[in-house]
Amino acid sequence: MKQKVAIITPKLSGNGGTETVLKTVLQENEYFENLNRIDLVILGGHKNNQWITELPAKVKVHFATDNQILRVLVLSYWLLFGGVKQVICLSTTIIRWSALIRKIFRKHYLIVSWIHFSIFNEKTVDPDKLHYADYHLAISSGIVKQLESLGIKADLIRLIFNPVDKKKRVILPANDDVIHLAYVGRVMLEGQKDLQELFDALTLLPPQAVILHIYGTGQIAECKDYLARQQVKQTVIWHGWVKDPWQEIQTLDATVLTSQYEGFPMALAESISYGVPGIASDCPTGPADIIDSENGFLYRVGDVKGLVSDILKLTKQVHFNHFTVQQTLGKYATDKFCQRFWTSLAEMK
């Protein structure tokens with residue numbers, strides 16, 4: 001008998017890594033044979049729906065407004081009348097509501113958590129609510145450890161990572177006297193992305209040693225003000241939001257990620273898929289799954305001098321083979337990820 005699966009998410013911007021992962025897993029039609037339909041329910045609406053137009057016909061997309069009461073009503077409708085057998089929840093609030101509705105109305109669907117952030121660091125994630133889920137999809141080994149620390153049994157957790165394919169093109173280093181770096185993501189001076197840590201590192205480097213390219217939107221004015229106050233002597237180029245920065249980048253020595261926490265940082269993995277090494281904070285969670293001795297450096301969160309040392313290694317001590325770097329993400333290939341995802345769901349009874 002064919003079943004129906006519902007994936008329920010909070011509000012999405014349309015441009016983030018979560019949307020990329022959803023699009024990837026929902027485009028793999030060969031895994032849909034045992035499903036008669038997939039409902040993607042986006043609570044709180046969306047800003048950019050281009051990625052939704054690329055989904056197959058079997059995926060039915062539904063939206064709720066920003067009104068909290070209406071969001072609860074939409075969620076309740078799909079759980080009560082949607083005929084779903086598995087509910088995949090991308091937030092702990094959705095998990096709790098799904099469990100409450102199941103209990104009150106004596107429904108029998110399975111609840112599966114699929115959290116895309118570090119469980120203990122993202123303020124929108126309530127770890128206590130994860131116990132209401134029957135199973136858990138983990139996108140990094142760090143999240144597996146966090147779930148287990150909550151007392152969740154290992155046999156209820158499936159480590160699936162995120163999908164990253166090797167690209168046909170390799171982005172090579174510039175081979176000049178300047179270190180070319182890039183940051184790709186939300187622009188945040190402090191908080192999760194903590195670009196202040198990167199800017200502080202720039203102040204400790206020799207003048208004009210680095211050209212830093214920043215792709216993304218957010219607190220750009222605050223960051224520019226901080227750079228001016230710190231009298232940073234490096235060149236920083238602001239590109240704003242670019243749909244595919246990797247097509248725009250012609251040469252690059254490394255990407256930098258100074259986050260306080262992640263889930264599975266897609267921009268870091270995308271960089272390596274083009275052969276570009278990464279320099280990343282060893283934050284919870286994700287970078288340790290991606291970075292190894294062949295494709296980059298991990299430094300301790302908050303260790304600005306360690307970050308400076310790793311940046312300088314790019315010209316003085318370590319010369320990465322960008323073709324070798326590109327080969328290091330084999331286990332994250334899209335076909336392997338999709339197989340892990342759909343096989344994991346099939347095993348949940």
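Residues numbered from 1 in each chain as written. Predicted model: local features only at pLDDT ≥ 70, side-chain atom pairs only at ≥ 80, totals over all residues. Heavy atoms only, no water.

A. Summary view of the overall build of the chain. Scanning the chain from terminus to terminus reveals 12 helices and 13 strands. Taking 20 Å as the expected radius of gyration for a compact globule of 349 residues, we find that the chain reaches 21 Å, a close match to that expectation. Dimensions along the principal axes, computed over C-alpha positions, put the chain at roughly 65 × 40 × 40 Å. Counting all 349 residues of the chain, 55% fall into the buried class. (Helix = DSSP H or I, 4+ residues; strand = E, 2+ residues; numbered from the N terminus. Rg over C-alpha atoms; globule rule 2.2 N^0.38 Å. Buried < 20%, exposed > 50% of the residue type's maximum accessible area, 1.4 Å probe, protein only.)

B. Local environment of the sheet that holds strand β3 (residues 59–63). Strand order in the open sheet formed by 7 strands is β3-β2-β1-β4-β5-β6-β7, and the pairing between neighbours is parallel. In this open sheet, the two edge strands, each paired with only one partner strand, are β3 and β7 (157–159). Looking at each pair of strands side by side, their axes are set apart by 20 degrees on average, direction ignored. Note: strand β5 (residues 110–114) against strand β6 (residues 135–138), 3 bridges, orientation parallel. Note that in β6 the partner of V112 across the bridge is Y135. Sitting on the sheet, helix α2 (residues 68–81) touches β1 (3–9), β2 (35–42), β3 and β4 (86–89), and the angle it makes with β2 is about 170 degrees. (Pairing = 2+ DSSP bridges. Axes fitted to C-alpha atoms, helices over the stretch in contact; angles between N-to-C directions. Contact = heavy atoms within 4.5 Å.)

C. Molecular detail of the nonpolar core. Core analysis: the biggest nonpolar cluster contains 107 residues, and I88, W114, F199, F341 and W342 have the highest contact counts within it. Here F199 is in contact with L189, L212, I214, C223, Y226, L227, V232 and W238, once residues within four sequence places are set aside. By size, the runner-up hydrophobic cluster in this structure holds 9 residues, among which are V184, Y215, W246 and V276. (Core = buried A, V, L, I, M, F, W, Y, C linked by side-chain atoms within 4.5 Å.)

D. Layout of a negative patch on the surface. A grouping of E30, E33, D165 and D335 is seen on the molecular surface, where their side chains present a negatively charged patch. Mapped onto the elements of the fold, E30 is located in the loop between α1 (17–26) and β2. When its relative accessible area of 55% is taken as the criterion, E30 is described as exposed. (Patch = residues over 30% accessible without salt bridge, like charges linked within 9 Å, V, L, I, M, F, W, Y side chains within 5 Å. Areas by Shrake-Rupley, 256 points an atom, 1.4 Å probe, with all protein chains shown as cover. Salt bridge = Lys/Arg side-chain N within 4 Å of Asp/Glu carboxyl O. Lys, Arg positive; Asp, Glu negative; His and termini not counted. Charge placed at Lys NZ, Arg CZ, Asp CG, Glu CD.)

E. Fine view of helix α12 (residues 334–347). Compared with the 20 Å implied by 1.5 Å per residue over 14 residues, the 20 Å span of α12 between its first and last C-alpha is a close match. Considered for burial, the residues of α12 that qualify are T334, F337, C338, F341, W342, S344 and L345. Taken down its axis, α12 places every buried residue within 150 degrees of arc, on the same side. Lining the buried residues of α12 we find α1, β2, β4, β5, β6 and β7. (Expected span 1.5 Å × (residues − 1). Arc of directions from axis to C-beta.)

F. Representation of the packing of aromatic side chains within the structure. Under the defined criterion, the tally for this structure stands at 10 aromatic pairs. Note on F161 and Y332: the rings are 5.0 Å apart at their centroids and 80 degrees apart in plane angle, and the pair reads as edge-to-face. Pair noted here: F161 is in the loop between β7 and β8 (179–184) and Y332 is in the loop between α11 (322–326) and α12, with a separation of 171 residues, a long-range link. Their ring planes at 80 degrees and their centres at 4.9 Å tell us that F341 and W342 sit as a pair that is edge-to-face. Judged by relative accessible area, W342 falls into the buried class, the value being 7%. Joined through ring pairs, the aromatic side chains of W114, F337, F341 and W342 make up one cluster. A cation sits over an aromatic face here: R96 above Y132, 4.2 Å from the ring centre. For the cation-ring pair, K313 lies above F297, with the distance from its terminal atom to the ring centre recorded as 5.1 Å. (Phe/Tyr/Trp six-rings, centres within 6.5 Å; stacked < 30°, edge-to-face > 60°. Lys NZ or Arg CZ within 6 Å of the ring centre and 35° of its normal.)

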